[in-house]
Amino acid sequence: MGRVEGKVAFITGAARGQGRSHAVRLAQEGADIIAVDVCEDVPSAGYPGATEEDLAETVSQVEALDRRIVAAKADVRDLAQLQKAVAEGVAQLGRLDIVAANAGIGVSPATAENMGEEAWRDVIDINLTGVWRTAKAAIPHIRAGGNGGSITITSSEAGLRAYQNAGHYVSAKHGVVGLMRTLALELAPESIRVNSIHPTQVDTDMIHNDMTYKLFRPDLEHPTKEDFAEASRGVIALPIPWVDPVDISNAIVWLASDEARYVTGVTLPVDGGDFLKK
């Protein structure tokens, strides 16, 4: 028996990166999956978004584990799309127990004073309000099961401290901590636990792009992956430049399992000691 055997997990941003890893890892532990992703570019993010082909690959990897998956193209900026995706997934899979509110975008670096309104709006709408919409779409289905559940929100080290030139991202990631704590109190009577995870840099497309390299190496006109890795090692206590997606997925599996049955309202860093360095 897997650690989440027989349960159903709803994952946003599931087409690639951390989201795909969460889907695969939860499936390995016995869960069926409801997966959504916008599968489009967000121009202000500064790097290409996932594609429908990426989402299809997530489906393929979950099905290879002999688990069921219902996938849909849906945008966390659209509550109706999320509600439809969750309802269709529950109709096919029979229940909902676990939520991984993972969808998010990175940032184009700018001071708060010089930041454009579109960049601010997109990050807040996706990384913060999108998490609220995800919870709003999912909670009625978890409640209907009567078995409790687990909601895990992906925040960031930027949800625990400030970073220059990323005011929109820092604001959103701090904001989801407040939302997490509020939901943890509101849903505790029904044994629905709510926690946030705070990764350092994770080895995905969200960090491996020119915008993130420039955020970490503003001293260089055209920083490379190696330049970024050097800077990243400087903020992590362990001798690594970043963690792998599965490291975050393993934490989500634990939080969703009965091993964490009394863990709620927690901000859990998975950061190689990043938080200790500053």
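None of the values given here were measured: they were computed from a predicted structure. Residues take numbers from 1 onward in each chain, read along the sequence in its written order. Per-residue local features are limited, in this predicted model, to residues with pLDDT of at least 70; the limit for side-chain atom pairs, both in listing and counting, is 80 or more; totals at the level of whole chains, interfaces and linings are taken over all residues. Calculation of side-chain values draws on the structure's entire complement of heavy atoms; hydrogens and water are dropped beforehand.

**What about the environment of H168?**
Each helix corresponds to a stretch of at least 4 residues labelled H or I by DSSP, and each strand to a stretch of at least 2 residues labelled E; elements are numbered beginning at the N terminus. Note on placement: H168 falls in helix 5 (residues 167-187). Accessibility here uses a 1.4 Å probe with only protein chains present; expressed as a share of the type maximum, an area under 20% marks a residue as buried, one over 50% as exposed, and anything in between as partly exposed. Here H168 falls in the buried class, since its relative accessible area comes to 1%. For the pair H168 and V90, spaced 78 residues apart in sequence, the C-alpha separation works out to 34 Å. When checking whether two residues touch, look at their non-hydrogen atoms; a contact exists if any pair is within 4.5 Å. With residues up to four places along the chain from it excluded, the contact list for H168 reads V107, S108, M115, A119, W120, V123 and I124.

**Concerning the layout of surface pockets**
A pocket here means an open set of points on a 1 Å grid, computed over the protein atoms alone, that has protein on both sides within 12 Å along at least five of seven lines. A cavity is instead a set of points where a 1.4 Å probe fits but cannot get out; residues with an atom within 4 Å of a point line either one. Grid points are joined across faces, edges and corners, and a volume is the space filled by probe spheres set on the points. Its boundaries defined by the atoms lining it, the second largest pocket holds a volume of some 210 Å³. Looking at the second largest pocket, it is lined by 14 residues, and the ones nearest its centre are K7, N147, G148, G149 and D258. Under the convention adopted here, Pro, Cys and the residues Ala, Val, Leu, Ile, Met, Phe, Trp and Tyr are nonpolar, Asp, Glu, Lys and Arg are charged, and Gly plus all remaining residues are polar. In terms of residue class, the lining of the second largest pocket is made up of two nonpolar, six polar and six charged.

**Description of unusual backbone geometry**
In this model, N165 sits at a positive phi of 65 degrees, which is unusual for a non-glycine residue. Along the polypeptide, N165 turns up in the loop between strand 5 (149-154) and helix 5. One non-glycine residue with positive phi stands out, namely S191, at about 60 degrees. In this fold, S191 is placed in the loop between helix 5 and strand 6 (192-199).

**Notes on the nonpolar core**
Grouped together as the largest cluster of nonpolar side chains are 46 residues, with contacts concentrated most on F10, L96, I151, I153 and V194. Elements represented by at least two residues in this core include exactly strand 1 (8-12), strand 2 (32-37), helix 3 (79-93), strand 4 (98-101), helix 4 (117-145), strand 5, helix 5 and strand 6. Here this core gets ten residues from one element, more than from any other, and that element is helix 5. Beyond its immediate chain neighbours, meaning those up to four positions away, I153 contacts A101, V131, V176, M180, V194, N195, S196 and I197. To form a nonpolar core, buried Ala, Val, Leu, Ile, Met, Phe, Trp, Tyr and Cys residues must be joined to one another through side-chain atoms within 4.5 Å.

**Quick look at the packing of helix 1 (residues 17-28) against helix 2 (residues 52-63)**
Taken N-terminus to C-terminus, the directions of helix 1 and helix 2 make an angle of 15 degrees; their axes are 9 Å apart at the nearest point. Relative to helix 2, the element helix 1 lies roughly parallel. The hand of the helix 1/helix 2 crossing is right-handed. Between helix 1, through R20, A23, V24 and A27, and helix 2, the contact on the second element is made entirely by D54, E57, T58, Q61 and V62. Among the residues making up the contact of helix 1 with helix 2, the classes are represented as four nonpolar, two polar and three charged. Helix axes use the C-alpha atoms of the stretch in contact, all axes being lines fitted to C-alpha atoms, and the angles between their N-to-C directions lie in the range 0 to 180 degrees. Angle categories: roughly parallel below 35 degrees, roughly antiparallel above 145, roughly perpendicular from 65 to 115, and oblique for all the rest. It is the rotation of the near helix from the far one that decides the hand of a crossing: anticlockwise by less than a right angle makes it left-handed, clockwise makes it right-handed.

**Observations concerning the environment of V235**
With respect to the helices and strands, the residue V235 is situated in the loop between helix 7 (225-233) and helix 8 (245-256). When the C-alpha atoms of V235 and G272 are compared, they prove to be 9.3 Å apart, with 37 residues separating the residues in sequence.

**Things to note about the pattern of salt bridges**
Salt bridges, as used here, are contacts in which a Lys or Arg side-chain nitrogen is within 4 Å of a carboxyl oxygen on Asp or Glu. Enumeration according to the criterion identifies 17 salt bridges in this entry. Between E259 and R3 there is a salt bridge; the shortest N-O distance is 3.0 Å. One end of the pair, E259, is in the loop between helix 8 and strand 7 (267-270); the other, R3, is in the segment before strand 1, and 256 residues separate them in sequence. Given the relative accessible area of 30%, R3 is considered partly exposed. For E190, the salt bridge identified is with R143, shortest N-O distance 2.6 Å. Note that E190 is positioned in the loop between helix 5 and strand 6 and R143 in helix 4, a separation of 47 residues in sequence. Several salt bridges share partner residues, and in doing so they unite R3, R25, E29 and E259 into one network.

**Some points on the pairing of strand 6**
Across the eight residues that make up strand 6, a large majority, eight, are buried. Both strand 5 and strand 6 contribute to a ladder of six bridges, which runs parallel. Within strand 6, the position partnered with I151 by the bridge is V194. Traced from strand 5 through helix 5 to strand 6, the parallel crossover comes out right-handed. The pairing criterion for strands is at least two bridges between them, as found by DSSP. Sheet topology places strand 6 next to strand 7; four bridges connect them, and they run parallel. Bridge assignment links H198 to a residue of strand 7, and that residue is P269. Crossovers are described as right-handed under a simple rule: with the strands pointing away from the observer, the path leading from the first strand over the helix to the second runs clockwise.

**Some remarks on the packing of helix 4 against helix 5**
Across the interface, helix 4 lies against helix 5 with an axial gap of 8 Å and an inter-helix angle of 20 degrees. Here helix 5 runs roughly parallel to helix 4, going by the angle between their axes. Considering the relative orientation of helix 4 and helix 5, their crossing is right-handed. Together, A119, W120, V123, I124, N127, L128, V131, W132, A135, I139 and R143 of helix 4 and G167, H168, Y169, S171, A172, K173, G175, V176, L179, L183 and L187 of helix 5 make up the contact between the two elements. Here the residues of the contact of helix 4 with helix 5 sort into 15 nonpolar, five polar and two charged.

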